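# Close look at the chain arrangement
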Amino acid sequence: MRFARLATMAALSLAWAGSAALAAEHEIKIKNTNGKGKFMVFEPEFLKVAPGDTVKFVIVDKSHNAEAITEVWPEGVEPLKGEMNQDAEFVAEKPGIYGIKCRPHYTMGMVALIVAGEPTNTNKDQLDAFKAPGGAKKRWDELLKQLNP
Ligand SMILES: [Cu+2]
């Protein structure tokens, strides 16, 4: 009994060390077009990651940036604030839903949604309260459909 418990704890700590070591890096491209009639896009615009993973934004076309939609951003995680025409990255340290926008094209719908871990036990209340501005609403709603297929 006692041995079994020790073994379980050892297995758990190994699993924890393993997941930290395996933190992945994801890439989202920042582009003028996806080549399929959609303009001012993050590609991909919806991404599932594991907590602790790094998400990197890569400038393909100029006149864009990537930054946090602070209304939809897990508490305690430093909001992303990429400069114009600069690659940027953040670590999705906590499970939750991370909203991303391009500042100049926000109201044109240049947004992305990143989900770290299980979305149901996180900042979903933020998401429910959030209203995407102007022309961003249509694409935001499309992203939400991917969140709750
Ligand atoms: Cu943009």
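You'll find the structure just up there.
Residues numbered from 1 in each chain as written. Predicted model: local features only at pLDDT ≥ 70, side-chain atom pairs only at ≥ 80, totals over all residues. Heavy atoms only, no water.

### A few points about the sheet that holds strand β2 (residues 39-43)
Spatially, the four strands line up as an open sheet ordered β2-β1-β4-β6, and their pairing is mixed. Where the open sheet ends on each side, the last strands, each with one partner, are β2 and β6 (88-91). Neighbour-to-neighbour, the strand axes of this sheet turn through a mean angle of 15°, independent of strand direction. (Pairing = 2+ DSSP bridges. Helix = DSSP H or I, 4+ residues; strand = E, 2+ residues; numbered from the N terminus. Axes fitted to C-alpha atoms, helices over the stretch in contact; angles between N-to-C directions.)

### A short note on the pairing of strand β4 (residues 54-59)
Counting buried positions along β4 yields five of six residues, so the element is predominantly enclosed. As paired strands, strand β1 (residues 25-33) and β4 are joined by six bridges and run parallel to one another. Within the sheet, the bridge partner assigned to Lys-29 lies in β4 and is Val-58. With four bridges connecting them, β4 and β6 associate as antiparallel partners. Among the inter-strand pairings, Val-55 is bridged to a residue of β6, identified as Phe-90. (Buried < 20%, exposed > 50% of the residue type's maximum accessible area, 1.4 Å probe, protein only.)

### Focus on the packing of aromatic side chains
How two aromatic rings sit relative to each other is given by the distance of their centres and the angle of their planes. Evaluation of the coordinates by the stated rule reveals six aromatic pairs. Aromatic side chains Phe-130 and Trp-140 sit 5.1 Å apart centroid to centroid with 70° between the ring planes, which places their arrangement in the edge-to-face category. Placement of Phe-130 in the loop between α2 (124-129) and α3 (136-147) and of Trp-140 in helix α3 is noted, with a sequence separation of 10 residues between them. The structure contains a cluster of three or more aromatic residues connected by ring pairs, namely Phe-42, Phe-57, Trp-73, Phe-90 and Tyr-98. (Phe/Tyr/Trp six-rings, centres within 6.5 Å; stacked < 30°, edge-to-face > 60°.)

### Some thoughts on the pattern of salt bridges
This model, assessed by the stated rule, comprises eight salt bridges. Note that Glu-27 and Lys-29 form a salt bridge whose closest N and O atoms lie 3.7 Å from each other. Note that Arg-103 is salt-bridged to Glu-67, the shortest N-O span being 2.5 Å. Residue Arg-103 is found in the loop between β7 (96-101) and β8 (111-116), and its partner Glu-67 is found in strand β5 (residues 67-68); the two are separated by 36 residues along the sequence. (Salt bridge = Lys/Arg side-chain N within 4 Å of Asp/Glu carboxyl O.)

### So, the coordination of the copper ion
With distances of 2.0 to 2.5 Å, the protein atoms coordinating the copper ion are His-64 (ND1), Cys-102 (SG), His-105 (ND1) and Met-110 (SD). Spacing between the donor residues of the copper ion along the chain follows H-x37-C-x2-H-x4-M. Taken as a pair, Cys-102 and Met-110 share a single burial class, namely buried. (Donors = N, O, S within 2.8 Å, 3.2 Å for Na, K, Ca; no water.)

### Focus: the side chain of Glu-45
By the element assignment, Glu-45 lies in the loop between β2 and β3 (46-49). With sequence-adjacent residues up to four places away left out, Glu-45 is seen in contact with Lys-38, Val-111, Ala-112, Leu-113, Arg-139 and Leu-143. (Contact = heavy atoms within 4.5 Å.)

### Focus: the nonpolar core
Counting 24 residues, the largest nonpolar core has Phe-42, Phe-57, Leu-80, Phe-90, Ile-100 and Ile-114 as its most contacted members. Those elements giving two or more residues to this core turn out to be β1, β2, β3, β4, β6, β7 and β8. Residues in contact with Ile-100, not counting those within four places in the same chain, are Phe-42, Phe-57, Ala-66, Glu-67, Ile-69, Trp-73, Leu-80, Phe-90, Met-110, Val-111, Ala-112 and Ile-114. Counting residues in each nonpolar core, the second largest holds 15 residues, with Ile-97, Leu-113, Val-115 and Trp-140 among its members. (Core = buried A, V, L, I, M, F, W, Y, C linked by side-chain atoms within 4.5 Å.)

### A short note on unusual backbone geometry
Backbone torsion omega between Glu-43 and Pro-44 reads 0°, so that peptide bond is classified as cis. Summarising the element assignment, Pro-44 is placed in the loop between β2 and β3.

### Describing the sheet that holds β3
Judged by pairing direction, the sheet is mixed, and its four strands sit side by side in the order β3-β8-β7-β5 without closing on themselves. At either margin of the open sheet sits one strand with a lone partner, and together these are β3 and β5. Bridge count between β3 and β8: four bridges; the pairing is parallel. Bridge pairing in β8 links Phe-46 to Leu-113. Set on the sheet, α3 makes contact with β3, β7 and β8; between it and β8 the angle comes to about 20°.

It is worth stressing that arrangement in space is one thing and function is another; only the former is reported here.
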